[in-house]
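Now for the letters of each chain:
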Amino acid sequence: MQHNIKSLALLSSLLSCVLVGQVCAAELKVIDKIKVPGAGLESFDISYMDQKNNRYYLADRTNNALDVVDAKTGKFIAQIPGFVGIGKGGDSGGPNGVVVIGNEAWVGDGDSTVKVIDLKTNKIVDTIATGGKNRADEVAYDPKNKIFIIANDAEDPPFLTLISTKPGHKIIKKIDLPEATDGLEQSIYYGPKGIFLTAIPQLKGEEGMGGIAMIDPVKGKITKIMKVADCEPAGLAQGPGHDLIIGCNAGGKKSKLKPVSIVLNADTGAVVARIAEMGAADEVAYNAKNGQYYITGRQMPNGPVLGVIDAKTNTLLQSIPTGGNTHSVAANDANGHVFLPTPKSAGTCDGCILVYGTK
């Protein structure tokens, strides 16, 4: 009789998921805590997952370094120094944006430069000046044309820098964005159209109106800005098909808007879904193995959380309390693990990288 009751309860739970259009995925839980050598993490920026080589990279401002972790085993591999660190504040801190290009890591730094690292020797082999006074921040890479883009988001006006990754590392173009009146955020390469997409939190000083800039990497110009209302776009990641998840800063401490995450059709700019009660975000990620989006809701009204969204139904599955300024996330498509650097101030660990999984 007891067995029958349990079976009925399980069947009822499954039917409930089907009726509301949700996927009954196993919940994410902390499965590992990766200790970072040196000082415990407090200040850090972008997380990047090299899916091809199963390597996780973290811009570690606390230790003036780029941290490297084996994303399959969770083993810490290397800590590559040579960055400015916390500096005088957010606008001058580094390292920042990270992307892996072949056997090199290209990393934005707080002195308006890009550091190129040889990943065979873990040494900085080139320093490229972008011409600004403050940090060189968010980055992306066009593998077709071998062009790297970086946002100088703390300049007035902010600008984008296009750099060739071919020998010589020639600066191709500087693109000013005076219409971006609250800086710039994440850029990604959107393969279906062969363009860069860059998040703009605010357009022309209009409160609540942000956008996604479409940039032709070959012509070196903005071809269109798709407007995104009531969002304040920050993080970007491409999901399944033409879907684009936007981590909205809406709902944060300085925002008058309600928390929300938005799924956009990257071809047309049409809103596919608005996921309420999950926003106040910075970086976001998509995991193909789990079929999920991850949202770093660092300024949610009830405290920082990691939001888990089903990428098929665009419904919120989990809101995991994290604490502290947990604003950076990346996910491994090979094993479904999610990496969340966590500051000492969160009280979860002495500044470490939390790994989430379903086992």
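Residues numbered from 1 in each chain as written. Predicted model: local features only at pLDDT ≥ 70, side-chain atom pairs only at ≥ 80, totals over all residues. Heavy atoms only, no water.

**Details of the packing of aromatic side chains**
- What the rule picks out here adds up to 4 aromatic pairs.
- Relative to Phe339, the ring of Tyr56 lies with its centre 4.9 Å away and its plane at 20°, an arrangement referred to as stacked. Taken together, the residues span a long stretch of sequence, with Tyr56 in strand β3 (residues 55-60) and Phe339 in strand β27 (residues 338-342) at a distance of 283 residues.
- Where Trp106 meets Phe148, the ring centres are 5.0 Å apart and the plane angle is 45°; that geometry is what we call tilted. Pair noted here: Trp106 is in strand β7 (residues 104-108) and Phe148 is in strand β11 (residues 147-152), with a separation of 42 residues, a long-range link.
- The exposure class assigned to Trp106 is buried, which follows from its relative accessible area of 0%.
- When the ring centre of Phe159 is taken as origin, the NZ or CZ atom of Lys174, which lies over that ring, is 4.5 Å away. (Phe/Tyr/Trp six-rings, centres within 6.5 Å; stacked < 30°, edge-to-face > 60°. Helix = DSSP H or I, 4+ residues; strand = E, 2+ residues; numbered from the N terminus. Buried < 20%, exposed > 50% of the residue type's maximum accessible area, 1.4 Å probe, protein only. Lys NZ or Arg CZ within 6 Å of the ring centre and 35° of its normal.)

**Some words on the sheet that holds strand β28 (residues 352-357)**
- Taken in spatial order, the 4 strands make up an open sheet running β1-β28-β27-β26, and their pairing is antiparallel. Edge positions in the sheet fall to β1 (29-35) and β26 (330-331), since each of these pairs with one other strand and no more.
- Where β1 lies against β28, 6 bridges are found, and the strand directions are antiparallel. Counted as the bridge partner of Ile34 is Ile353 from β28. (Pairing = 2+ DSSP bridges.)

**Regarding the nonpolar core**
- Core analysis: the biggest nonpolar cluster contains 19 residues, and Leu197, Ile212, Leu236, Ile246, Ile262 and Leu264 have the highest contact counts within it.
- Elements supplying a minimum of two residues to this core: β14 (187-190), β15 (195-200), β16 (209-216), β17 (221-229), β19 (243-248) and β20 (260-265).
- In contact with Leu264, not counting residues within four places along its chain, are Ile212, Met226, Val228, His242, Asp243, Leu244, Ile246, Gly269, Ala270, Val271 and Val272.
- Membership of the second largest hydrophobic core comes to 16 residues, among which are Ala140, Tyr189, Phe196 and Leu203. (Core = buried A, V, L, I, M, F, W, Y, C linked by side-chain atoms within 4.5 Å. Contact = heavy atoms within 4.5 Å.)

**Notes on the state of the cysteines**
- In this structure the tally under the stated criterion is 2 disulfides.
- Between the sulfur of Cys231 and that of Cys248 lies a disulfide, 2.1 Å long from S to S. When the S-S torsion is -85°, as for the bridge of Cys231 with Cys248, the disulfide is left-handed. Of this pair, Cys231 sits in the loop between β17 and β18 (233-238) while Cys248 sits in strand β19, and the two are 17 residues apart along the sequence. The same class applies to Cys231 as to Cys248, namely buried.
- Between the sulfur of Cys349 and that of Cys352 lies a disulfide, 2.0 Å long from S to S. (Disulfide = S-S within 2.5 Å.)

**A short note on the sheet that holds strand β12 (residues 159-164)**
- Pairing is antiparallel across the open sheet formed by 4 strands, whose spatial order is β10-β11-β12-β13. Both outer strands of the open sheet, β10 (139-142) and β13 (171-176), are each paired with one neighbouring strand and no more. Pairwise comparison of adjacent strand axes, ignoring direction, gives a mean angle of 20° for this sheet.
- Note that β10 and β11 share 4 bridges and pair antiparallel. Paired with Tyr141 across the strands is Phe148, a residue of β11. (Axes fitted to C-alpha atoms, helices over the stretch in contact; angles between N-to-C directions.)

**Examining the pairing of strand β8 (residues 113-118)**
- In terms of burial, β8 is a largely internal element, 5 of the 6 residues being buried.
- Across 5 bridges, the pairing between β7 and β8 is antiparallel. Among the inter-strand pairings, Trp106 is bridged to a residue of β8, identified as Val116.
- The antiparallel pairing of β7 with β8 creates a hairpin that spans 4 residues between the two strands, and Ser112 there sits at a positive phi of about 65°.
- The hairpin turn running from β8 into strand β9 (residues 123-129), its antiparallel successor, is 4 residues long, and Asn122 in that turn takes a positive phi close to 55°.

**Things to note about the pairing of strand β22 (residues 284-287)**
- By the bridge criterion, 4 bridges tie β22 to strand β23 (residues 292-297) in an arrangement that is antiparallel. In the strand pairing of β23, Ala285 is matched with Tyr294.
- From the end of β22 to the start of β23, which pair antiparallel, there are 4 residues, and Gly291 there has a positive phi angle of about 65°.

**Brief notes about the pattern of salt bridges**
- Counted by the stated rule, this structure contains 8 salt bridges.
- For Asp153, the salt bridge is made with Arg135, and the minimal N-O distance between the two is 3.0 Å. On the criterion of sequence distance, the pair formed by Asp153 in the loop between β11 and β12 and Arg135 in the loop between β9 and β10 is long-range, its members being 18 residues apart.
- Under the relative-accessibility criterion, Asp153 is labelled buried at 8%.
- The shortest N-O distance in the salt bridge between Lys174 and Asp176 comes to 3.9 Å. (Salt bridge = Lys/Arg side-chain N within 4 Å of Asp/Glu carboxyl O.)

**Looking at empty space enclosed by the protein**
- A full pass over the atoms with the stated rule returns 1 cavity of 30 Å³ or more.
- Computed from the structure, the largest cavity encloses a volume of approximately 50 Å³.
- Around the largest cavity sit Asp45, Ile46, Glu138, Gln186, Gly235, Asp282, Glu283, His327 and Ser328, which together line it. (1 Å grid on protein atoms, 1.4 Å probe; cavity = no way out; pocket = protein on both sides within 12 Å on 5 of 7 lines; lining within 4 Å. Points joined across faces, edges and corners; volume = space filled by probe spheres on them.)

**A word on the environment of His337**
- Mapped onto the secondary structure, His337 falls in the loop between β26 and β27.
- Sequence separation between His337 and Lys289 is 48 residues, and the spatial gap between their C-alpha atoms is 9.2 Å.
- In this structure His337 touches Ile31, Ala71, Asn287, Ala330, Ala331, Asn332, Val355, Tyr356 and Gly357, once residues within four positions along its chain are discounted.

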